[in-house]
Amino acid sequence: MAEQRRSPQHHRSSKALLDRRRFIGFLIAAPTLAVVVDWSQSQSAEAAIPTLPQPEDLFDLGDLQNLAAAPTSGLISVRINTDGTAFFAVPRAEVGQGMTTAIAMMVSEELDLPIDKVQVGLADARPELLMNQLTGGSNSMRSMYTPVRTAAAIARQRLIDTAAAQWGVSADQLSASAGTVTGPGGRSASYGSLATAAASSTTIAVAATLKPASQFGVLGTPRGRIDAHDIVTGRKQFAMDMRVPGALPTMVARPPTINGKVVSINNESAVLAMPGITDVAAISTGVAIRAQTFGQCIDAIQVIDVTWGPGTVDGESDSTVLTALRAAQLPMLVPPLLTETFDAEFVFAFASNTPLEPDCAVADVRSDSAEIWASLKVPIVAQSEIAAKLGLPVGAVTVHVAQGGGSFGRHLFHDVAMEAAEASQKMGKAVKLSWSRTDTFRQGRAHPMCTSRVRMNYLLGNVISYEQRHTSVQTDFGHGLGEMITATAASLPVAGNLSFAETIFELTQSSPYDFGVTTQLLNEVPLQFNTGSMRNIYSPNVVCAQELVVDQVAAKLGQDPLTFRKNFLRDSRVLAVLNKAAQAGDWGRTMAPGTAQGIAVHTEYQAAIAVLVEIDCTSTTVNRPITDGVTGPRVTKALIVVDAGFCINPTGLEAQMIGGMQDGIALALTSSLHIKNGIPLEGSWDDYFYTREWNAPPDLQVIIMPNTSDSPSGAGELAVAPSFAAVACAYARATGKMPTYFPINHNGPLAFTPLPLEPSTPQSPTDGLSHTF
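Because the structure is predicted, anything quoted here is derived from the model rather than measured.

Some remarks on the layout of surface pockets
Gaps between atoms show up when a probe of the same size as a water molecule is rolled over them.
Part 1: If you add up the space inside the second largest pocket, you get close to 1,000 Å³.
Part 2: Every residue lining the second largest pocket is counted, 35 residues in all, and those nearest its centre are S684, W685, D686, L755 and P765.
Part 3: If you list the elements that add at least two residues to the lining of the second largest pocket, you get α8 (294-303) and α12 (437-443).
Part 4: The residue inventory of the lining of the second largest pocket, partitioned by class, reads 14 nonpolar, 15 polar and 6 charged.

Things to note about the side chain of R445
Part 1: You can see R445 is positioned in the loop between α12 and β21 (446-447).
Part 2: A relative accessible area of 11% means that R445 is categorised as buried.
Part 3: Looking at R445, its side chain comes within polar contact range of the side chain of D415, at 3.0 Å.
Part 4: Within the structure, R445 has its side chain in polar contact with the backbone oxygen of T531 (distance 3.1 Å).

Thoughts on the sheet that holds strand β30 (residues 699-704)
Part 1: Taken together, 4 strands build an open sheet; the order of strands is β25-β26-β27-β30 and the sheet is mixed. Two strands close off the open sheet at either side, each with one partner strand: β25 (595-604) and β30. Sheet twist, expressed as the mean angle between neighbouring strand axes with direction ignored, is 10 degrees.
Part 2: In this sheet, strand β27 (residues 634-643) lies alongside strand β26 (residues 607-616) in antiparallel orientation, the contact comprising 9 bridges. Across the sheet, I609 pairs through a bridge with V642, a residue of β27.

As for the pairing of strand β3 (residues 77-80)
Part 1: Alternating positions in β3 separate cleanly, V78 and I80 being buried on one face and S77 and R79 remaining unburied on the opposite face.
Part 2: Of the pairings in the sheet, the one linking β3 to strand β4 (residues 86-90) comprises 3 bridges and is antiparallel in character. Residue pairing in the sheet places R79 in a bridge with F87 of β4.
Part 3: Linking β3 to β4, which pair antiparallel, is a turn of 5 residues; within it G84 sits at a positive phi near 90 degrees.

Quick look at the sheet that holds strand β18 (residues 370-374)
Part 1: The strand order across the open sheet formed by 7 strands is β12-β13-β10-β20-β17-β18-β19, and the pairing between neighbours is mixed. Strands at the two margins of the open sheet, each flanked by one partner only, are β12 (277-283) and β19 (397-401). Put simply, the sheet's adjacent strands are angled 25 degrees from each other on average, direction ignored.
Part 2: In this fold helix α10 (residues 379-390) packs onto β17 (360-365), β18 and β19, with an angle of close to 145 degrees to the strand it touches most, β19.
Part 3: Sitting on the sheet, helix α11 (residues 415-427) is in contact with β10 (248-253), β12, β13 (286-291), β17, β18 and β20 (431-434), with an inclination near 35 degrees to β17.

Points about the pairing of β27
Part 1: With 7 of 10 residues buried, β27 is to be regarded as a mostly interior element.
Part 2: Sheet topology places β27 next to β30; 6 bridges connect them, and they run parallel. Each bridged residue has a counterpart across the sheet, and for V642 the counterpart in β30 is I704.

Some remarks on the packing of helix α15 (residues 539-556) against helix α20 (residues 720-735)
Part 1: Look at α15 against α20: their axes get within 8 Å of each other, and the N-to-C directions meet at 35 degrees. By crossing handedness, the relation of α15 to α20 is classed as right-handed. Taken together, the residues of α20 that come into contact with α15 (itself represented by S539, P540, N541, V543, C544, E547, L548 and D551) are V720, A721, F724, A725, A728, C729, A732 and R733.

Some thoughts on the confidence of the model for the protein
Part 1: Mean pLDDT over the protein stands at 88; residues scoring 70 or higher make up 87%.
Part 2: Here residues 8-20 is a poorly scored stretch, pLDDT under 50, and it has 30 contacts once near neighbours within four places are set aside; other chains count.
Part 3: Predicted confidence is poor over residues 39-52, with pLDDT under 50, and the contacts of this stretch with residues over four places away or in other chains come to 36 contacts.

A look at a nonpolar patch on the surface
Part 1: A grouping of L459, L460 and I464 is seen on the molecular surface, where their side chains present a nonpolar patch of about 310 Å² in accessible area.
Part 2: Relative to the helices and strands, L459 is located in strand β22 (residues 450-459).
Part 3: Look at L459 and you get partly exposed, because its relative accessible area is 35%.

Criteria and cut-off values
For every chain, the first residue of the written sequence is number 1, and numbering continues from 1 along that sequence. Local features are withheld for residues below a pLDDT of 70 in this predicted model, meaning they are given only at 70 or higher, and side-chain atom pairs are given and counted only at 80 or more; totals for whole chains, interfaces and linings count all residues. In computing side-chain properties, one takes all heavy atoms of the structure into account and sets aside hydrogens as well as water. Points on a 1 Å grid over protein atoms alone make up a cavity when a 1.4 Å probe fits among them but cannot get out, and a pocket when they form an open set with protein on both sides within 12 Å along at least five of seven lines; lining residues each have an atom within 4 Å of a point. Grid points are joined across faces, edges and corners, and a volume is the space filled by probe spheres set on the points. Segments assigned H or I by DSSP are reported as helices when at least four residues long, segments assigned E as strands when at least two residues long, and all are numbered from the N terminus. Put simply, Ala, Val, Leu, Ile, Met, Phe, Trp, Tyr, Cys and Pro go in the nonpolar bin, Asp, Glu, Lys and Arg in the charged bin, and everything else, Gly too, in the polar bin. Only protein chains enter the calculation, and the probe is 1.4 Å; a residue is then buried if its accessible area is under 20% of its type maximum, exposed if over 50%, and partly exposed in between. Contacts described as polar in this section are N or O atom pairs within 3.5 Å, which, within protein, must combine one atom able to donate a hydrogen with one able to accept it, while residues neighboring in sequence count only if both atoms come from side chains. Note on pairing: DSSP must find at least two bridges between two strands before they are called paired. To obtain an axis, a line is fitted to C-alpha atoms, over the contacting stretch when the element is a helix, and the angle between two such axes runs from 0 to 180 degrees between their N-to-C directions. The criterion used for residue contact is that any of the two residues' heavy atoms lie within 4.5 Å. A clockwise turn of the near helix away from the far one marks a right-handed crossing, whereas an anticlockwise turn of less than a right angle marks a left-handed crossing. Confidence of the predictor at the level of single residues is given by pLDDT, which spans 0 to 100. Any residue with relative accessible area above 30% and no salt bridge may belong to a patch, with like charges joined within 9 Å and the nonpolar Val, Leu, Ile, Met, Phe, Trp and Tyr side chains within 5 Å. Per-residue and other accessible areas follow the Shrake-Rupley method at a 1.4 Å probe size, with only the shown protein chains counted as cover for residues. The working definition used for a salt bridge is a side-chain nitrogen of Lys or Arg within 4 Å of a carboxyl oxygen of Asp or Glu.

Here you go:
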């Protein structure tokens, strides 16, 4: 079957495009040199592809985002300052993924400017950008790589042309390097000295040629984060560090069920009389309390007496949700006639996507205006909805995008910014509103509980059909992706009246195998939990189910899991990473009883990845004592092999892969939300058992394959799904039993004592030192 393997269309079309390397941009009227670029040049090729049975192969979620962003792409600029620095206000969010470092590398490369002279900021909400200010879908590098480079290249050429005009020589006699233009006779001029003269009084079209990869000195080389020093010295400003005059600490007393509403505050006067309390106000999601310190807010939450209305999922639990999911499962279509059949159902519990930094926002709302500061991935939507809530014109609401301490999909939503704005308006004062950990776990967004049914029909060593029916509690996509789907509907390779969720599923899911008739379908149950698209959206659950079944069918056919995959993979890049993982990870080596290897592959975001892990499920390891934690099986070795097209920054890519591995381990073994009476029992990181040091693999290696394209694939979320799947497959081989409920410890005894539902935020502990190791 190897001769049938194909390379993704993306790499054929983008390579043909970039081989020309000549792009059009514009000099815009500005005091110093400023360049914008026609982004639409790099957005159209991937969309003009005939429809095939699996849409994601031909037009994926990233293509949709690029297509939707194209009409406003010319509104983003690179600016050269008189001090010789360059500035780019990126219309994306930096939440720890290293996106600003990659952008700085692009500008540095094409501008021939030292990277420490490139400044990258986060753009405020700009409604004129329409759909070109959304961070998600591992798309930032895919969408910005060529446009940012083009703008920088045009700026460099304009600086050379300006110097040539001043010196009366031809531009081809000059060169630029390290922020300086040099010419005949040893003449030189810094970029800063040329910035004003290079500026244009009108907007004019210009062209520039991008560097070939053979001339790169910055792109493709390992680089530390441009903000690393500020991070480790405490100088980096996150959303929680914002200092706005008059904005006092504010927290919210919340209902004991999800989305309950305030009926009455029964002791408001007593709360206002407490030390430091300045204001109490009922808002849509609870009771906002403003004070001199956050500790005083927490004190007030302990005593406030509120009558609450019902929530949206009162009485729901893991078991009732699972019953609803099973009742909504779509039927399989291919009957098991004259073939062998393997059927399986997998259940995935709710999971939290809370970042390490608590949700927080600052708001200063006046009678005729509002100003908001928060970490936001879709600030345009936030601005529009906050303006509507406040009854103000959109132009009267300024939204500043702050650096975020993680996101994992959480900051696609602006819940905390909306609360801050509402509280500020009702109190008539500026607020600095923070959620507690308990707020985030119980009332924040969660990855929805779901099931995935898989049926494979096989005969005479060949797979005849592969069907997967994914059924999920509805995922809230009310954060900009829905608008993108509506705007690009005519270009999407999907048919029928699909919902937003179904469309996103079709644009993100495809099997990498030649398994005959293949269908992967989504159905949703309309339960009103607070859900969101956690890192990698559907793929972790879909791929885990797929790879487990692949292992099982391979065993039934008497084949090694590696050999079986190699026989059926249809993508040469996936085969290459799989072969490399097997070789570097010593696949098939003899393992002790109770231990095993697991392997999995995945392709998404036009990238390819293979993961090989080794797991220890022996009783000694599973039952090792850990104070205030859970142990269970331990992944002892992990190897990730990734083909990201063109790797912009190997250091950053390696970090993303390591983070994805920790997510995958957590989802497979330990991390979930237990729902009881309509609310999660988990109320802190102490209760939510994400991968800790004692569960992380002591041996973890990332291998980055040689570049297979001139442009980058998406990679930020890429490693989660195959890591989850590889761990699950290893666990099945080590224990001799395929797991079907994830994480594997979800249905065991609770390993923590749940915090009470009221008060919604518990009192701060005073015995922290007694819990140290």
